[in-house]
Each structure stands twice: as structure tokens, then as C-alpha cells.
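Notes for the structure review
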Number of protein chains: 2
Amino acid sequence: MTKQIDVKSTILCGISMAILLFILKWLELRFVVFDHLFEVYAAIISVIFMVLGAWLMHNFQQRKLEKENAKQEIVAVPELGLSQREMEVLMLMSQGYTNQQIADKLFLSIHTIKTHGSNLFVKLDVKNRTQALIKAKELEILE
Amino acid sequence: MTKQIDVKSTILCGISMAILLFILKWLELRFVVFDHLFEVYAAIISVIFMVLGAWLMHNFQQRKLEKENAKQEIVAVPELGLSQREMEVLMLMSQGYTNQQIADKLFLSIHTIKTHGSNLFVKLDVKNRTQALIKAKELEILE
DNA sequence: CGTAATTTCATACTAAAGTATGAGGATCGA
DNA sequence: TCGATCCTCATACTTTAGTATGAAATTACG
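Predicted, not measured: the structure shown is a model, and the values here were computed from it.

Points about the overall build of chain A
- If you tally the helices and strands in chain A, you get 6 helices and 0 strands.
- Each helix and strand of chain A, placed in order from N terminus to C terminus, yields the pattern α-α-α-α-α-α.
- Buried residues in chain A amount to 18% of all 143 residues.
- The contacts of chain A with a sequence gap of at least 6 include a subset with a gap of at least 24, amounting to 51%.

What about the environment of Asn128(A)?
Residues and elements named next belong to chain A.
- Note that Asn 128 resides in the loop between α5 (110–124) and α6 (129–138).
- With 15 C-beta atoms counted inside 10 Å, the residue Asn 128 sits in the partly exposed group.
- In this structure, the C-alpha to C-alpha distance between Asn 128 and Ser 118, residues 10 residues apart in sequence, is 8.6 Å.

Digging into the protein's contact with DNA strand D
- Neighbouring residues of DNA strand D: 20 residues in total, closest Thr98(A), Asn99(A), Asn128(A), Ser83(B) and Leu108(B).
- Of all elements in the fold, only α4 (99–106) and α5 of chain A together with α3 (84–93) and α5 (110–124) of chain B reach the threshold of two or more residues within the surface near DNA strand D.
- Top element by residues in the surface near DNA strand D is α5(A). It accounts for 5 residues.

Points about the environment of Thr130(B)
- The residue Thr130(B) is located in helix α6 (residues 129–138) in this model.
- In this structure Thr130(B) comes out as buried when scored by C-beta crowding, with 22 C-beta atoms within 10 Å.
- Put simply, Thr130(B) and Ser94(B) are 36 residues apart on the chain and 7.8 Å apart in space, counted from C-alpha to C-alpha.
- What Thr130(B) contacts, discounting residues up to four positions off in sequence, is Gly96(A), Arg129(A), Thr130(A) and Leu133(A).

Looking at the nonpolar core
- Within the largest apolar cluster, 14 residues are counted, with the highest numbers of intra-cluster contacts made by Val89(B), Leu90(B), Met93(B), Ile102(B) and Ala132(B).
- For this core, the elements supplying multiple residues, two or more each, are α3, α5 and α6 of chain B.
- In contact with Val89(B), not counting residues within four places along its chain, are Ile102(B), Ile113(B), His116(B), Gly117(B) and Leu120(B).
- Val89(A), Leu124(A), Ala132(A) and Leu133(A) belong to the second largest nonpolar core, which has 11 residues in total.

Here's the deal with α5(B)
All names here are of chain B.
- The end-to-end C-alpha distance of α5, which contains 15 residues, comes to 21 Å, matching closely the 21 Å that a straight helix rising 1.5 Å per residue would cover.
- Looking at the buried positions of α5, the neighbouring elements they touch are α3, α4 (99–106) and α6.
- In the stretch just after α5, Asp 125 is the one whose phi turns positive, near 60°.

Let's talk about the confidence of the model for chain A
All names here are of chain A.
- Predicted confidence across chain A gives a mean pLDDT of 69, with 44% of residues reaching 70 or more.
- Least confident of the elements in chain A is helix α1 (residues 2–33), whose mean pLDDT is 51; most confident is α5, at 93.
- The low-confidence segment residues 66–78 (pLDDT under 50) makes 2 contacts with residues lying over four places distant or belonging to another chain.

Side note on the packing of α5(B) against α6(B)
Residues and elements named next belong to chain B.
- At a minimum axis distance of 10 Å, the contact between α5 and α6 shows a crossing angle of 50°. Between α5 and α6, the angle falls in the class oblique. Helix-helix and strand crossings are classified by hand; for α5 and α6 the assignment is left-handed. Of α6, the residues touching α5 (which contributes Gly 117, Leu 120, Phe 121 and Leu 124) are Arg 129, Ala 132, Lys 135 and Ala 136.
- Grouping the constituent residues of the contact of α5 with α6 by class yields 5 nonpolar, 1 polar and 2 charged.

Details of the environment of Gln131(A)
- By the element assignment, Gln131(A) lies in helix α6.
- For Gln131(A), a count of 17 C-beta atoms within 10 Å puts it in the partly exposed group.
- For the pair formed by Gln131(A) and Phe121(A), sequence separation is 10 residues and the distance between their alpha carbons is 8.8 Å.
- Among all residues touching Gln131(A), those that are not within four sequence positions of it are Val126(A) and Gly96(B).

What about unusual backbone geometry?
All names here are of chain B.
- Although it is not a glycine, Phe 107 sits at a positive phi angle of roughly 60°.
- A positive phi angle, near 60°, is found at Asp 125, a position not held by glycine.
- Relative to the assigned elements, Asp 125 resides in the loop between α5 and α6.
- We classify Asp 125 as exposed; it has 10 C-beta atoms within 10 Å.

Cut-offs and rules
- Residues numbered from 1 in each chain as written.
- Chains lettered and ligands numbered in written order.
- Predicted model: local features only at pLDDT ≥ 70, side-chain atom pairs only at ≥ 80, totals over all residues.
- Helix = DSSP H or I, 4+ residues; strand = E, 2+ residues; numbered from the N terminus.
- Buried ≥ 20, exposed ≤ 12 C-beta atoms within 10 Å, placed from the backbone.
- Contact = placed C-beta atoms within 7 Å.
- Near = placed C-beta within 6 Å.
- Core = buried A, V, L, I, M, F, W, Y, C linked by C-beta atoms within 7 Å.
- Expected span 1.5 Å × (residues − 1).
- pLDDT = per-residue confidence, 0-100.
- Axes fitted to C-alpha atoms, helices over the stretch in contact; angles between N-to-C directions.
- Parallel < 35°, antiparallel > 145°, perpendicular 65-115°, else oblique.
- Left-handed = near helix turned anticlockwise from the far one by under 90°.
- Nonpolar A, V, L, I, M, F, W, Y, C, P; charged D, E, K, R; others polar.

The following block contains the structure:
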């Protein structure tokens, strides 16, 4: 997918450059015919290459966006195998408590809470507690 | 907001064009001195204007994206005095994005996001983003 | 009984979040 | 034009969060 895009992009760019060079040569001939028209010549290729630059950038941005949008994956795994403690920690996390507060409530070390937290995030396939509670609600684990 | 951007964009564009014309004129002089260097002259202004075109398109795209992201118009603004930007940041926070990701989406510095975040937490009377999103849902600001 | 899973705690680290403060530009209404 | 507000960015700092790894005790099950 990515390779394909890059190849296509390269080919398009090459073809564009070739056409541009051809036009340039053609303009040069006309320039010789109508001598002393530096400004006209310069203006024409300026416009042409500005458009080319804009077009290339436009394509580049488009590709970039496409890649980003293609990243979304849907996993949806109900069988998560969350343990008792992990559920408790998840509940308290989703109520806005810090790790230290959770540790105090459960009479545990903050290290333990962090451990449960990390394991929790792996099982839920998230990166932090905010995403965890969002996912938990999606999966109807909470509320 | 939009006017501001357009004004700035126009000014930047104008200045760029002015500088470019100046460079062009300068190149033309050199061209007269070193006669018969059509190709060199053409190549230089080609590159310059291609870069200019790419740059302009890049700016244009960014503005466009920014507008799109801002399109999720947040209407519900109670007596909390949340500003537009603060609401946007709150929305993205509540979707599980990190400060850096939010900064990227809004084309802002992470410092700015943190500033908005802090102000946000004061206004919502919370201590962190998790509590913020809980409170936001309670107040029916979100969803 | 042995094994697997769970729970607990720890150290050591990196990454992210959050606070405090200042500053400059843009906007808008009086 | 002036002041208030918002938006932006920055530096410097402290605090939480999160990861990686290891280890010991407990429990449950075949």
C-alpha cells in the first residue's frame, strides 16, 4: 500500500517534470524568436512551477491524510480476562482517582496499583487511563 | 479568527511575492552580465517558484484542516465561561488524546494545550483530565 | 503435589501531565 | 484609543503516570 503510493507518486512526479522540461524548451524557442522578452519568459515558468509546487504539495498532504485515516482498527474483544483486582482498579480509575488515592482506598502500595494499571491497559489495548475508561464504557464494563 | 488568518495569509503572500520579484529582478541583472545562460536562469526561478507554490499550498491546507477541526461547533456553553479553544481542548481530552496529540491536531504548541488545560481544570474545579471529562459529562457539556 | 494464575511489592527508569509565571499579539467593545 | 479577554508560546519546575523487570506469597485446580 505504502510502497504502491510512493511508486505512483514518484512516477507522477517524473512525468510532470518531463512535461515541464518539454514546455520549458518550447518556451525557450519562442523566446529566441521573440527576442528580449525575459520578463514574459520568467513569468510563464514562474507560474508553471508555482502551480507544480502547489500540486505536488497537495498530493503529498493528501497521501499523508490517507495514511492517518487508515490507521483506525476495530478490535472489539469482550473476553478480556480482567481479574478481580484489575476490575476494582479500573472502577476507581474511572472515577477520577489518582494511583495514590486508589492505593489508599484498597490499602495497597502505589506500585501494586501501577502494576494492575499496566496489565489493565494491555488487556484493554489502550495507552492510558483516559482511553481505558472510554473503552470500558464502550465495552459496557462500566455503567 | 477567520479574518485574522486571512489577513495574515494575504500579508505573508504579498511579502513573499515582493521578495520573489526582487530576487527575480536581481537574477535578471546577473543574467545580463553572464549572457546566454537561459537554462541557469530558468532553473533557478523554477525551483524558487516551485518551493513557493508548495509552501503556499501547505499553508492553505493547514488552514483548511484547522477550519475542519473547528467545525465540531460546541454550542453548549453554560455559566462556566469556557472559551472556544478550551472547549475544543476539553473535547479532544475527553476522547483520550494526549496533550501532544491535541497540539498536533490543532496545530498548536503543547505549551498552549497545557495552558488551556490548566485554565480548564480551574474552571471545572477538578484536578486532572480524567476528572475533567467526568465532570463534563455530569454537566452535559459533552455527549 | 505441582503448576498456573493472581496478587503483592519493589527498584529504576522514561514519559506525560500539570503548575507558575511572564510575555506578546489579536480582537472587541466602550 | 484604552482596557479586558482570549490565544499563543515559552521556560522552569514538580508531580503523576506508565514501563520493564524481578521476586515472593497465595490460591485454585487437575
